[in-house]
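Architecture and fold: a report
As a plain string of letters, each chain reads:
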Amino acid sequence: QVQLVESGGGLVQTGGSLRLSCAASGRTFSRYAMGWFRQAPGKEREFVGAIIWSGGLTYYADSVKGRFTISRDNLKNTVYLQMNSLKPEDTAVYYCAATALRAGVLIMLPQYDYWGQGTQVTVSS
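Residues numbered from 1 in each chain as written. Predicted model: local features only at pLDDT ≥ 70, side-chain atom pairs only at ≥ 80, totals over all residues. Heavy atoms only, no water.

**A closer look at the nonpolar core**
- The biggest cluster of nonpolar side chains holds 38 residues, and the ones touching the most others in it are Leu 4, Met 34, Trp 36, Leu 81, Met 83 and Tyr 94.
- Those elements giving two or more residues to this core turn out to be strand E3 (18-24), strand E4 (33-39), strand E5 (46-51), strand E6 (58-60), strand E7 (68-73), strand E8 (78-83), strand E9 (92-99) and strand E11 (119-124).
- If you tally residues by element for this core, the top one is E9, at five residues.
- Non-local contacts of Tyr 94, meaning those with residues more than four positions away in its chain, are made with Glu 6, Leu 20, Trp 36, Phe 37, Arg 38, Val 48, Phe 68, Leu 81, Met 83, Gly 118, Thr 119 and Val 121. (Core = buried A, V, L, I, M, F, W, Y, C linked by side-chain atoms within 4.5 Å. Buried < 20%, exposed > 50% of the residue type's maximum accessible area, 1.4 Å probe, protein only. Helix = DSSP H or I, 4+ residues; strand = E, 2+ residues; numbered from the N terminus. Contact = heavy atoms within 4.5 Å.)

The following block contains the structure:
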């Protein structure tokens, strides 16, 4: 069982930056690939980015590529989402998720076993 708690959301102006954190419980954090997803009002939850268990590979949605960076610290059981050059369309609730899968491109919601409660990010224009 893995419990995930996101933090770091807030209100920021267009062009600003935020860093989200996702703290995981348990001693097996390093076994899990981690993903970030977001859900805007009236829209489906969508993939933002993911990082494999070792941190050696990351991939991103085209909409955030070049602006967002995922990293992880397995000693601190934490994964981060650094968001730069934020746009109003980035406004959403951001969720982190964990999956025990080791293969495949982990961009689909059903691939993830555990989810956090989400943190709100609002980008003002």
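**Section: the sheet that holds strand E1 (residues 4-7)**
- Read from one edge of the open sheet, four strands run E1-E3-E8-E7, paired in antiparallel fashion. The strands lining the two open edges of the sheet, one partner per strand, are E1 and E7. Direction aside, neighbouring strands of the sheet carry axes that sit 15 degrees apart on average. (Pairing = 2+ DSSP bridges. Axes fitted to C-alpha atoms, helices over the stretch in contact; angles between N-to-C directions.)

**Re the pattern of salt bridges**
- Summed over all chains, the structure comprises four salt bridges.
- Between Lys 65 and Asp 62 there is a salt bridge, with the nearest N and O atoms lying 3.1 Å from each other.
- For Asp 62, a relative accessible area of 67% gives the class exposed.
- Note that Asp 90 is salt-bridged to Arg 67, the shortest N-O span being 2.8 Å. Here Arg 67 lies in the loop between E6 and E7 and Asp 90 lies in the loop between E8 and E9, a separation of 23 residues in the sequence. Taken as a pair, Asp 90 and Arg 67 share a single burial class, namely buried.
- Each of the salt bridges in this network shares a partner with another, and the network as a whole consists of Arg 38, Glu 46, Arg 67 and Asp 90. (Salt bridge = Lys/Arg side-chain N within 4 Å of Asp/Glu carboxyl O.)

**Some thoughts on the packing of aromatic side chains**
- All chains considered together, the criterion is met by six aromatic pairs.
- Between the aromatic rings of Phe 37 and Trp 115, the centroid separation amounts to 5.0 Å while the plane-to-plane angle is 55 degrees, which identifies the pairing as tilted. In this pair, Phe 37 sits in strand E4 while Trp 115 sits in strand E10 (residues 114-115), placing the two residues 78 residues apart along the sequence.
- Linked through ring pairs, Phe 37, Phe 47, Tyr 59, Tyr 112 and Trp 115 together constitute an aromatic cluster. (Phe/Tyr/Trp six-rings, centres within 6.5 Å; stacked < 30°, edge-to-face > 60°.)

**Some thoughts on unusual backbone geometry**
- A positive phi angle is found at Asn 77, which is not glycine, with a value near 55 degrees.
- For Asn 77, the position within the fold is in the loop between E7 and E8.
- Judged by its relative accessible area of 17%, Asn 77 is buried.
- Its identity is not glycine, yet Ser 85 carries a phi of approximately 50 degrees, on the positive side.
- Among the secondary structure elements, Ser 85 is positioned in the loop between E8 and E9.

**With respect to the side chain of Thr 91**
- Note that Thr 91 resides in the loop between E8 and E9.
- Of the residues examined, Thr 91 reaches a relative accessible area of 19% and is grouped as buried.
- Separated by 2.9 Å, the side chain of Thr 91 and the backbone oxygen of Pro 88 make a polar contact.
- Polar contacts involving the side chain of Thr 91 include one to the main-chain amide nitrogen of Val 123, which spans 2.9 Å.
- Not counting residues within four places of it along the chain, the set of residues in contact with Thr 91 comprises Ala 40, Gln 120, Val 121, Thr 122 and Val 123. (Polar contact = N/O pair within 3.5 Å; in protein donor to acceptor, adjacent residues only side chain to side chain.)

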